[in-house]
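Secondary and tertiary structure notes
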Amino acid sequence: MKGQKGYALSLALITLAVGTLVLVPFLQHAYIGITSSRISKELTIERYAADAAMQEAIWRLQANIDGITDSVTPDNPSVGYPATVNGVETLVTIDIPASPDPPPPPEPEPRFWWLEIVCDVDICWVKSSDPTTFTFTITIHNCGFLGMLILFVFDLLPPGFQYVPGSCTGLTSEDPTITYDDESGQQRLDWTLPGWPWSWVGTQEGRTLTFQATATLTTAGMYYNEAGSGGWPGDQGEIDTGPSAPVGVAVYELTVKAGRVTIRSTVAIDGTEATILSWQVE
């Protein structure tokens, strides 16, 4: 009898041990599966929340809700706000990327007759599809040791820009001769100056030519102007600014964070629709 009881106890212990070996991994596997399912569900919810917050941010930019589009400027290039989507807290950030500087023009060689030329614009950043009037100022400086006559000035406007008739002041008030390049979509402005004494520039002195141009820009990017001039004595030849007076069209960098999910996008707004230039999920 005692032998049977001992045998039964041993059998029970063996059964318990085998059950433990089978049940514990099963329970661990079940726990991992439940945890993974929960995390996957949470990530899906966060992904949908981030996506919805991004779409809402783009709509806010398009419609200028609460003046958000007006609030993002080169002087205030980053705006952020919280948003709750289906109980998920998200953080939305809207940035304007920094505009690249134009490449510098080549350095002129020192000489007795030595002109320098620069071109500036009064508005360097615009929102897409906003009709805008720009004022360009060409400054020609005599860095040499003798006076010079400025005989001609030219300007190659960026694509899509159009000269405003009657807007010229400074060296001359005459409208330029305008030629149009169908392939590049650019206007070239040419002024032939009357010479002595109207376009004379003394040593270490400067003269300016100011004019206006209009544009309604819809394509995101940077638009560069280029100006040039030449004078007498003739060995001065022709000088130009190279790409200058950059005008940037609004491109927005948006970032939405929702829990463990981050979405980044680059968007151009044209007032009626958004062009998504990039979209990245992290």
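Below or above, wherever it landed, is the structure these notes cover. (Residues numbered from 1 in each chain as written. Predicted model: local features only at pLDDT ≥ 70, side-chain atom pairs only at ≥ 80, totals over all residues. Heavy atoms only, no water.)

1. Let's talk about a nonpolar patch on the surface
Together, Ile276, Trp279 and Val281 give the surface a local cluster of nonpolar side chains, amounting to about 230 Å² of exposed area. Considering the arrangement of structural elements, one finds Ile276 in strand β18 (residues 274–281). Among the residues examined, Ile276 registers a relative accessible area of 42% and is labelled partly exposed. (Patch = residues over 30% accessible without salt bridge, like charges linked within 9 Å, V, L, I, M, F, W, Y side chains within 5 Å. Areas by Shrake-Rupley, 256 points an atom, 1.4 Å probe, with all protein chains shown as cover. Salt bridge = Lys/Arg side-chain N within 4 Å of Asp/Glu carboxyl O. Helix = DSSP H or I, 4+ residues; strand = E, 2+ residues; numbered from the N terminus. Buried < 20%, exposed > 50% of the residue type's maximum accessible area, 1.4 Å probe, protein only.)

2. Quick word on the packing of aromatic side chains
In total, this model carries 6 aromatic pairs according to the counting rule given. Ring geometry for Phe136 versus Phe161: centroids 6.2 Å apart, planes at 65°, classification edge-to-face. Linking Phe136 in strand β5 (residues 132–142) with Phe161 in the loop between β6 (148–156) and β7 (162–163), this pair joins segments that are 25 residues apart in sequence. With respect to burial, Phe136 and Phe161 carry one shared label: buried. When the ring of Tyr163 is compared with that of Phe211, the centres are 6.1 Å apart and the planes differ by 45°; the resulting orientation is tilted. Of the two residues, Tyr163 sits in strand β7 while Phe211 sits in strand β12 (residues 206–215), which places them 48 residues apart along the sequence. What links up through ring pairs into an aromatic cluster is the set Phe134, Phe136, Phe161, Tyr163, Trp191, Phe211 and Tyr223. Over the ring of Tyr81 we find Arg60; its NZ or CZ atom is 4.6 Å from the centre of that ring. (Phe/Tyr/Trp six-rings, centres within 6.5 Å; stacked < 30°, edge-to-face > 60°. Lys NZ or Arg CZ within 6 Å of the ring centre and 35° of its normal.)

3. Observations concerning the pairing of β12
When β5 meets β12, the two strands line up antiparallel, connected through 10 bridges. Note that in β12 the partner of Thr132 across the bridge is Ala215. When β7 meets β12, the two strands line up antiparallel, connected through 2 bridges. When the bridges of β12 are listed, Gln162 appears paired with Thr214. Of the strand pairs in this sheet, strand β8 (residues 169–170) and β12 are connected by 2 bridges, and their pairing is antiparallel. When the bridges of β12 are listed, Thr169 appears paired with Thr210. (Pairing = 2+ DSSP bridges.)

4. Details of the side chain of Thr135
Within the secondary structure, Thr135 is located in strand β5. A polar side-chain atom of Thr135 sits 3.3 Å from a polar atom in the side chain of Gln212. Apart from residues no more than four positions distant in its own chain, Thr135 is found in contact with Asp120, Val121, Asp122, Thr210, Phe211 and Gln212. (Polar contact = N/O pair within 3.5 Å; in protein donor to acceptor, adjacent residues only side chain to side chain. Contact = heavy atoms within 4.5 Å.)

5. A closer look at the nonpolar core
Within soluble globular proteins, side chains that are nonpolar generally end up buried alongside one another. With 32 residues, the main nonpolar core has Phe136, Ile138, Val153, Phe161 and Trp191 as its most contacted residues. Those elements that provide at least two residues to this core are β3 (115–121), β5, β6, β10 (186–192), β12, β13 (221–232) and β15 (244–249). Those residues in contact with Phe136 that sit more than four places away from it in its chain are Cys119, Asp120, Val121, Leu157, Phe161, Leu209, Thr210, Phe211, Ala213, Asn225 and Ala245. Listed in part, the 27 residues of the second largest apolar core include Val72, Val85, Ile96 and Trp125. (Core = buried A, V, L, I, M, F, W, Y, C linked by side-chain atoms within 4.5 Å.)

6. So, the pattern of salt bridges
Evaluation of the coordinates by the stated rule reveals 5 salt bridges. Residues Arg60 and Glu56 are paired through a salt bridge, measuring 3.8 Å at the closest nitrogen-oxygen approach. Of this pair, Arg60 and Glu56 both sit in helix α1 (residues 2–63), 4 residues apart, which is roughly one turn of that helix. Of the residues examined, Arg60 reaches a relative accessible area of 13% and is grouped as buried. One salt bridge in this structure joins Arg264 and Glu282, with 2.8 Å as the shortest N-O distance. Of the two residues, Arg264 sits in strand β17 (residues 261–269) while Glu282 sits in the segment after β18, which places them 18 residues apart along the sequence. Shared partners join several salt bridges into a network, and the residues in it are Glu56, Arg60 and Asp66.

7. Observations regarding the environment of Pro131
Relative to the elements of secondary structure, Pro131 occurs in the loop between β4 (125–126) and β5. Measuring from C-alpha to C-alpha, the distance between Pro131 and Thr218 comes to 9.9 Å, with 87 residues separating the pair along the chain. Once you skip the residues sitting within four places of it in the chain, Pro131 turns out to touch Ala215 and Thr216.

Taken by themselves, the reported measurements are silent on function.
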